[in-house]
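# Examination of the molecular architecture
Residues per chain are reported as follows:
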Amino acid sequence: MAPSVEAEPVSSYDRNKDTYRGPSKVKFDPAIHLNYTPPERVYSLSELGLPLEGTSDFATTEPFQLATEAAIVELRRELLQPNTLKKRMHTWPRAPASLRGFTKEEAPFTHAFWTSPEVIKILSDAAGIEMEVALPYEIGHTNVQLGPEGREGLKNLPLYPVPVPPGWEEEKGDYDHLPVDNWHKDSFAYSCVMMLSNTEKMVGGETAIQLPDGTTRKLRGTKMGSCIFLQGRHMPHAALRAWNTGERITMVCPYRPAHPAIRDDTEITNSLQQSYLNELYGQFSLERFKVIRKKCDYMIKRLEDQKREALEREPDNYNAVIMDEKEVGNMMREMVWYLETAMKQMGMYKDDK
Ligand SMILES: [Fe+2]
């Protein structure tokens with residue numbers, strides 16, 4: 001791999017000379033690539049009137065600034081590279097174009113950005129519980145609005161996103177009537193959605209959330225590099241089409257709770273329709289086992305600690321209580337559900353195979 005180089009601040013670089021599209025050679029540096037402004041508000045599921053089916057009461061943030069323009073350029077450099085446009089573009093009923101499944105080799109900056117301790121800390125603080133990345137396959141999942149040139153037009157998008165010039169007129173295209181990503185609940189518990197396009201003249205292009213009273217709430221940052229973080233597994237939402245802009249690109253990374261006592265709601269229902277399945281199944285299984293291992297280690301420690309406490313508390317009682325039956329039962333039920341869900345998702349459950 002090429003040696004990493006320091007990022008050049010976007011303001012000082014010549015956009016016309018910067019034409020390289022491929023794996024970024026820039027090393028992720030939070031001082032250069034993050035420009036975090038905390039969200040003005042965080043909404044809970046209960047205050048939005050949504051059912052408390054998730055693993056926390058966290059629903060969504062208001063949009064907040066996360067990345068700098070220097071970071072956006074590196075993410076776009078990897079996203080719009082010929083290899084990615086050729087191998088990583090998928091289309092499925094819900095979205096005309098998504099780019100996804102980048103390996104660490106194809107998109108080292110993208111992986112470094114979304115897995116960085118700094119980004120994870122920001123998202124954990126917003127949700128109120130510690131987060132970790134849910135599935136490497138989904139790091140940098142990107143929804144791309146298609147213009148009149150369709151998928152072919154993506155290779156012409158600039159590295160540095162600019163607003164449409166004065167007098168620019170919207171051309172009619174085949175995808176005008178479609179949302180960028182139609183109404184859905186995510187397969188992943190928590191997701192961060194970041195705007196990679198210039199929003200100066202953009203109209204629309206929000207992430208919309210459907211509330212139980214039938215109304216919608218539309219959220220969109222004011223700048224490229226702004227985000228929303230949401231518990232999309234339990235909240236219907238859509239990516240709306242944008243107007244008066246040459247493009248609307250949003251990049252997503254899914255997360256799960258890091259603490260082993262908290263359920264992992266991750267499924268791959270949506271991923272199944274837009275993935276290379278062998279790679280997806282392999283990664284999904286690996287993550288399942290990692291989570292189960294973490295839960296086992298946690299329960300082993302809990303039971304060992306409780307046995308020690310019982311001995312200290314009641315040294316002469318041969319039948320002292322040494323475990324919390326409710327906790328053990330709940331964890332065992334959760335693990336069975338967790339593995340059965342995985343087998344169903346991969347078509348291996350009971351008579352499926
Ligand atoms: Fe979503």
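If you're wondering where the values come from, they're calculated on a predicted model, not measured in any experiment.

Reading the values: the criteria
- Residues numbered from 1 in each chain as written.
- Predicted model: local features only at pLDDT ≥ 70, side-chain atom pairs only at ≥ 80, totals over all residues.
- Heavy atoms only, no water.
- Domains from an automatic or database assignment.
- Contact = heavy atoms within 4.5 Å.
- Buried area = accessible area lost by both parts, 1.4 Å probe.
- Salt bridge = Lys/Arg side-chain N within 4 Å of Asp/Glu carboxyl O.
- Donors = N, O, S within 2.8 Å, 3.2 Å for Na, K, Ca; no water.
- Helix = DSSP H or I, 4+ residues; strand = E, 2+ residues; numbered from the N terminus.
- Buried < 20%, exposed > 50% of the residue type's maximum accessible area, 1.4 Å probe, protein only.
- Pairing = 2+ DSSP bridges.
- Axes fitted to C-alpha atoms, helices over the stretch in contact; angles between N-to-C directions.

What follows concerns the domain arrangement of the chain. How big an interface is tends to be stated in terms of the accessible area lost upon association of its parts. Split by domain assignment, the chain resolves into domain 1 (10-259) and domain 2 (285-352). Relative to domain 2, the C-alpha centre of domain 1 lies at a distance of 36 Å. Across the boundary between the two partners, domain 1 contributes seven residues, which contact four residues of domain 2. Carbon and sulfur atoms supply 46% of the area that domain 1 and domain 2 bury against each other, a total of about 420 Å² over both sides. Counting the contacts that link domain 1 with domain 2 gives two salt bridges. The residue glutamate 287 makes a salt bridge to arginine 256 at a minimum N-O spacing of 2.9 Å.

Glancing now at the coordination of the iron ion. Only His184 (NE2), Asp186 (OD) and His237 (NE2) from the protein coordinate the iron ion, and they sit 2.0 to 2.2 Å from it. Sequence spacing of the donor residues for the iron ion, all on one chain, is H-x1-D-x50-H. Of this pair, aspartate 186 sits in the loop between β8 (181-184) and β9 (190-195) while histidine 237 sits in strand β14 (residues 237-239); the two residues are 51 residues apart in sequence, bridging distant segments of the chain. Of the residues examined, aspartate 186 reaches a relative accessible area of 11% and is grouped as buried. For histidine 237, a relative accessible area of 5% corresponds to the buried category.

Moving on to the pattern of salt bridges. For the structure on display, the rule yields 19 salt bridges. For aspartate 265, the salt bridge identified is with arginine 263, shortest N-O distance 2.6 Å. The class of aspartate 265 is buried, set by a relative accessible area of 5%. Two residues, lysine 301 and aspartate 305, come together in a salt bridge whose shortest N-O distance is 2.7 Å. Residue lysine 301 and its partner aspartate 305 are both found in helix α6 (residues 277-313); the two are separated by four residues, about one turn of the helix.

Pairing is antiparallel across the open sheet formed by four strands, whose spatial order is β8-β14-β11-β12. The open sheet has two free edges, formed respectively by β8 and β12 (216-219), since each of these has just one partner strand. Averaged over all adjacent pairs, the angle separating strand axes in this sheet is 15°, with direction ignored. Inspection of the sheet shows β8 paired to β14 by two bridges, in the antiparallel sense. From the neighbouring strand, histidine 184 faces β14, where its bridge partner is histidine 237.

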